[in-house]
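Now for the letters of each chain:
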Amino acid sequence: MNHRTTNRLRLLIVPLLAITMAGCSSWVQRIVTYSIENFGEPILPADVRVISPILPYTGLAVLWGGHATVMIQIEDKVFMTDPAFTKTVGMLLHRLVAPGIDPAALAKVDYTLISHLHFDHFSFGSLEMLPKNGKLLIPPGAAAYTPEFGFVETIELQTWESIEESGVRITAVPVQHFSGRYGVDIPWHPEKGYTGWVIEYKGKTVFVAGDTGYHPEYFKEIGRRFSVDVAVVPIGPAGMGSANSLGGRIHVSPRGAVQIFEDVGAKIMIPMHHRTLSYGSTADPMIPQNLLQAVIDEKGYQDRIHILAIGERRVLMEEPSGQTSGTPQ
Ligand SMILES: [Zn+2]
Ligand SMILES: [Zn+2]
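Residues numbered from 1 in each chain as written. Chains lettered and ligands numbered in written order. Predicted model: local features only at pLDDT ≥ 70, side-chain atom pairs only at ≥ 80, totals over all residues.

Some points on the overall build of the protein
Along its length, the protein carries six helices and 16 strands. Among the 329 residues that make up the protein, the fraction classed as buried is 46%. A separation of at least 24 residues holds for 68% of the contacts in the protein among residues at least 6 apart in sequence. (Helix = DSSP H or I, 4+ residues; strand = E, 2+ residues; numbered from the N terminus. Buried ≥ 20, exposed ≤ 12 C-beta atoms within 10 Å, placed from the backbone. Contact = placed C-beta atoms within 7 Å.)

Comments concerning the environment of Val-252
Take Val-252: it is sitting in the loop between β13 (230–234) and α5 (254–264). Every residue in contact with Val-252, bar those within four places of it in the chain, is listed here: Thr-212, Gly-213, Tyr-214, Pro-234, Leu-246, Gly-247, Ala-257 and Ile-260.

Considerations on the sheet that holds strand β7 (residues 135–138)
The strand order β8-β7-β6-β3-β2-β1-β16 describes an open sheet built from seven strands, whose pairing is mixed. Two strands close off the open sheet at either side, each with one partner strand: β8 (153–156) and β16 (313–317). Strand-to-strand twist in this sheet, taken as the mean axis angle between neighbours without regard to direction, amounts to 20°. As paired strands, strand β3 (residues 77–81) and strand β6 (residues 111–113) are joined by three bridges and run parallel to one another. Considered in β6, the bridge of Thr-81 is made with Leu-113. (Pairing = 2+ DSSP bridges. Axes fitted to C-alpha atoms, helices over the stretch in contact; angles between N-to-C directions.)

Quick word on the pairing of β3
Where burial is concerned, most of β3 is hidden: five out of the five residues are buried. Burial along β3 is two-sided: Lys-77, Phe-79 and Thr-81 and Val-78 and Met-80, pointing in opposite directions, are all buried. Alignment of strand β2 (residues 70–74) against β3, held across five bridges, turns out to be antiparallel. If you follow Gln-73 over to β3, its bridge partner there is Val-78. As consecutive antiparallel partners, β2 and β3 are separated by two residues, and within that stretch Glu-75 has a phi angle of approximately 50°, a positive value.

Points about the confidence of the model for the protein
Per-chain confidence: the protein averages 86 in pLDDT, with 79% of residues scoring 70 or above. Long-range and interchain partners of residues 1–25, a stretch whose pLDDT sits below 50, account for 24 contacts in this model, where long-range means more than four residues apart. Low pLDDT, under 50, characterises residues 323–327; the predicted model gives this stretch eight contacts beyond four residues in sequence or across chains. (pLDDT = per-residue confidence, 0-100.)

Some details on α5
Each full turn of the α-helix corresponds to 3.6 residues, which orients residues three or four apart in the same direction. Across the eleven residues of α5, nine count as buried, placing the element largely inside the fold. Turning to α5, its buried residues are Pro-254, Arg-255, Gly-256, Ala-257, Val-258, Ile-260, Phe-261, Asp-263 and Val-264. Residues of α5 that are buried in the fold lie against β12 (204–208), α4 (218–225), β13, β14 (268–272) and α6 (287–299). Immediately beyond the C-terminal end of α5, within one or two residues, lies Gly-265, with a positive phi of roughly 70°.

What follows is the structure, given as structure tokens:
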């Protein structure tokens, strides 16, 4: 049996194992039960649906598709993080709100960036929906889990490793999360398997944190190495941590997200990883956003932290840098 077949078998066996173990594993049980109870329940429409997601002319624009799916446009280049467009994610996680980006409306995506292997971030069905005229970047140790989707190239980067081409530099940067794909397969997956990304193009720098807990060194180091304009940072799921904590080891709280924003020294923060999916919790999905708003008010960050609606596009820099036209090609 070759390596790829073995991995395919693992992909099949692990969810079955997860379901079998539901009796002794409370989070699996919660998600399975909740998903069955909510099977067929209507999904709320996205707050906004932009007809043409790619702008003909812009400096820097960000469009939140819900959860960790963020489209970042820097002038003529389009970057997509953790695309999730399917109704359920990984067969189990129920979507509360429809995707705010229609992949069929995208003429191109230059770079698709995957933060880690968890099925709410590395959705095979969603990757199939994207145009294949760009490259797929995956975290350390992810190649063995990655089917051939037909992208121009699939590149696995190690921490602090970069690709550099046509003026674009993308670097894998350290974050703190956990490995595996289904939660129960960590022993089979000793490699790290998760990353953040720093995108640099035309003198603009965007840091995407992926899924992370707070770490006292990693984000400060990213801040020392890069001059970050925009930080895209997770603030969910709902119901974890108190208002004053920085969150747990694998997920930051909204206050922890703001600490990351300060550590990397970004000018602007865009929150994500909230409101969109149910993790089997009955907590109000608006909790992270409300807690973040309280931190914004407390610190006076109204002009620097932008809470987007699902499907909303925000132009953060109007003008392209040079005199060249920003027309995507
Ligand atoms: Zn995760
Ligand atoms: Zn996640």
